[in-house]
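# A look at the structure
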Amino acid sequence: MYGVADPGAFSFTVGTRIPGRHGRTGVISTPHGDIATPAFIPVGTKATVKAVLPETMKELGAQALLANAYHLYLQPGSDIVDEAGGLSEFMNWPGPTFTDSGGFQVMSLGVGFKKVLAMEAVDVRSDDVIAKGKERLATVDDDGVTFRSHLDGSKHRFTPEVSMGIQHQLGADIMFAFDELTTLLNTRAYQEKSLQRTHEWAQRCIDEHERLTAARAHRPYQALFAVIQGAQYEDLRRKACRELESLRGSAGTGFDGYGIGGALEKHNLGTIVGWCCDELPEDKPRHMLGISEPEDVFVAVENGADTFDCVNPSRVARNAAIYVAEGRFNINTARFRRDFTPIDDTCDCYTCANYTRAYIHHLFKAKEMLASTLCTIHNERYTIRLVDRIRESIEGGYFDEYKAETLGRWKGGV
Ligand SMILES: [Zn+2]
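Let me sum up the structure you'll find in this document. (Residues numbered from 1 in each chain as written. Predicted model: local features only at pLDDT ≥ 70, side-chain atom pairs only at ≥ 80, totals over all residues.)

### So, the nonpolar core
Proteins that are soluble and globular tend to have nonpolar side chains buried together. Put simply, the rule reads: The term nonpolar core means buried Ala, Val, Leu, Ile, Met, Phe, Trp, Tyr and Cys residues held together as one set by C-beta atoms within 7 Å. The exposure scheme places C-beta atoms from the backbone and then counts, for each residue, the other C-beta atoms within 10 Å of its own, assigning buried at 20 or more, exposed at 12 or fewer, and partly exposed in between. We count a stretch as a helix when DSSP gives it H or I for four or more residues in a row; a strand needs E for two or more, and each element gets its number in order from the N terminus. What counts as a contact here is a pair of residues whose C-beta atoms, placed from the backbone, lie within 7 Å.
Membership of the largest hydrophobic core comes to 111 residues, with the highest contact counts inside it found for Ala 177, Phe 225 and Ala 300. With 10 residues, helix H14 (residues 369–396) is the single largest residue contributor to this core. Those residues in contact with Phe 225 that sit more than four places away from it in its chain are Ile 174, Met 175, Phe 176, Ala 177, Phe 255, Asp 256, Gly 257, Tyr 258, Gly 259 and His 287.

Below, the structure written as structure tokens:
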């Protein structure tokens, strides 16, 4: 080993298990602090959770934030974040950070779908489907992806090495390997080919990560998570887990954790997470990409996911959609004009302590910025508190009861 930054600065300790299943509590330790798991990681795509101060995110219980490598590479440039001392310092967030690899954004430009993680059944199978009216902005080959910026149309290329370089400059505590994204529309043959490509890219990510960790030994250690693809195919998911687990760099570096990604249908979520967690090592953390709805969170945690991120709580908040125990409702509708009660009288957030539904309804109608701020605070707190309570229920040995009670009340709409 050469003089690398201390990998001991990152660790994961398993706490209490859900009997007979893969779900567990734990603690992820990073150079910027600890994360008690299961934990929801709010998304701050461009190094900010839209409309909310970082101090407020801390107060409402966020333990870590996830930013996006693609967006920060284009603007302001990962070199600028590096000069600032890394993401946490740049955005004044005093806790751990994650960055995704940029692959999702870059490749969803190519597929042309906004929501690639399609949570619905699709009958068509095709490897070259482009949404109507969309121009293909990205092309994938065995070495990487060439794409055009959504900002100015300029041409760029991401490879595993480029993604690692960007993520090392961004300096997040947890980074993800650059993987190829597929959709449910892809054929089985393409999923197999893609998995092989993702495996080769994973090895290149480890090699480059090992090199950069040594070259940047003055910086805090950054953990690297693999991303497991394989869509809805059990054999492909299991094979991906086993192969990624066995990968090593020349100095012995392996993956510090695993991300479960890719195309999957909502009804398969628990089964797929379960297959992966059968194969993955117990002592490494597992991140589920892109979920936040209560049903999905329970199923993912139960089957072994430790952390998950999702842009939805803040994205829907800006469109006046509010989460409460009974489901989701839209504060924009006329029935709230004279409703002088809080959004949720069981919630402990700043918004619910101080504001009424009538006032927030008014802010949306008047197109005031404060509407987004107040609703984002509530939705992020709702999701974080849900996961905190799941964690407590595992520790207390009453996970199944808590799940039944919570989902019994949750109807998905109010
Ligand atoms: Zn609230």
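### Considerations on the sheet that holds strand E7 (residues 138–140)
We apply this condition: Two strands are counted as paired when DSSP detects at least two bridges linking them. A fitted line through C-alpha atoms represents every axis, and for helices the fit uses only the stretch in contact; the resulting angles, taken between N-to-C directions, go from 0 to 180 degrees.
Within the open sheet, the 3 strands sit side by side as E7-E8-E9. Their pairing is antiparallel. Across the chains shown, the open sheet's two edge strands, defined by having one partner strand only, are E7 and strand E9 (155–158). Direction aside, the axes of adjacent strands within the sheet are offset by 15° on average.

### Looking at helix H8 (residues 234–246)
For clarity, the threshold we go by: By this rule, a helix spans an expected 1.5 Å times one less than how many residues it contains. Here the arc refers to the set of directions running from the helix axis out to each C-beta atom.
Given a rise of 1.5 Å per residue, 13 residues ought to cover 18 Å, and the 19 Å separating the end C-alpha atoms of H8 matches this to within 8%. All of the buried residues along H8 are Leu 236, Arg 237, Ala 240, Cys 241 and Leu 244. The buried side chains of H8 occupy one side of the element, clustering within an arc of 135° when seen end-on. Seen from the open side of H8, the exposed residues pointing more than 90 degrees away from its buried face are Asp 235, Arg 242 and Ser 246. Tucked inside the fold, the buried residues of H8 contact helix H7 (188–215), strand E11 (223–228), strand E12 (257–260) and helix H9 (269–279).

### What to know about the environment of Tyr 402
Along the chain, Tyr 402 falls in helix H15 (residues 399–409). Placed 12 residues apart in sequence, Tyr 402 and Ile 390 show a C-alpha to C-alpha distance of 7.4 Å. Not counting the four nearest positions on each side in its chain, Tyr 402 is found in contact with Arg 389, Ile 390 and Ser 393.

### A look at unusual backbone geometry
The omega angle of the peptide bond from Thr 37 to Pro 38 is 0°, so this bond is cis rather than trans. Following the sequence through the fold, Pro 38 ends up in the loop between strand E3 (33–37) and strand E4 (39–42). Of note, the bond from Gln 75 into Pro 76 is cis; its omega dihedral lies within 30 degrees of zero at 10°. Structurally, the position occupied by Pro 76 is in the loop between helix H2 (69–74) and helix H3 (78–83). We note that Ala 47 has phi near 65°; this positive angle belongs to a residue other than glycine. Inspection of the secondary structure puts Ala 47 in the loop between E4 and helix H1 (54–59). Residue Asn 92 is not a glycine yet carries a positive backbone phi of 60°. Examined against the element boundaries, Asn 92 turns out to sit in the loop between helix H4 (87–90) and strand E6 (97–100).

### Considerations on the sheet that holds E4
Taking strand neighbours across the sheet as the criterion, the 8 strands line up as E4-E14-E13-E12-E11-E10-E6-E5 in an open arrangement whose pairing is parallel. At either end of the open sheet lies a strand with only one pairing partner, and these are E4 and strand E5 (65–68). Sheet twist, expressed as the average angle between the axes of neighbouring strands with direction ignored, equals 25°. Bridge count for strand E10 (residues 174–176) against E11 is 3 bridges, and the pairing is parallel. The residue bridging Met 175 from the neighbouring strand is Leu 224, located in E11.

### Re the environment of Asn 379
Mapped onto the secondary structure, Asn 379 falls in helix H14. The exposure class assigned to Asn 379 is buried, which follows from the 27 C-beta atoms found within 10 Å. Between the C-alpha atom of Asn 379 and that of Val 324, which follows or precedes it by 55 residues, the distance is 8.4 Å. Leaving out residues up to four positions away in the same chain, Asn 379 has contacts with Pro 313, Ser 314, Val 316, Ala 317, Ile 322 and Tyr 323.

### Here we look at the packing of helix H6 (residues 160–170) against H7
Our working definition: Roughly parallel means an angle under 35 degrees; roughly antiparallel means over 145; roughly perpendicular covers 65 to 115; every other angle is labelled oblique. Definitions for this section: a left-handed crossing has its near helix turned counterclockwise from the far helix by less than a right angle. A right-handed crossing has that turn clockwise. In this count, Pro and Cys sit with the nonpolar residues alongside Ala, Val, Leu, Ile, Met, Phe, Trp and Tyr, while Asp, Glu, Lys and Arg are called charged and the others, Gly among them, polar.
For the pair H6 and H7, interaxial distance at closest approach is 8 Å and the crossing angle is 40°. With respect to H7, the element H6 is oriented oblique. Once H6 is placed against H7, the crossing between them reads as right-handed. The residues of H7 that touch H6, namely those facing Pro 160, Glu 161, Met 164, Gly 165 and His 168, are Trp 201, Arg 204, Cys 205, Glu 208, His 209 and Leu 212. Each residue belonging to the contact of H6 with H7 can be placed in one class, and the counts come to 5 nonpolar, 3 polar and 3 charged.

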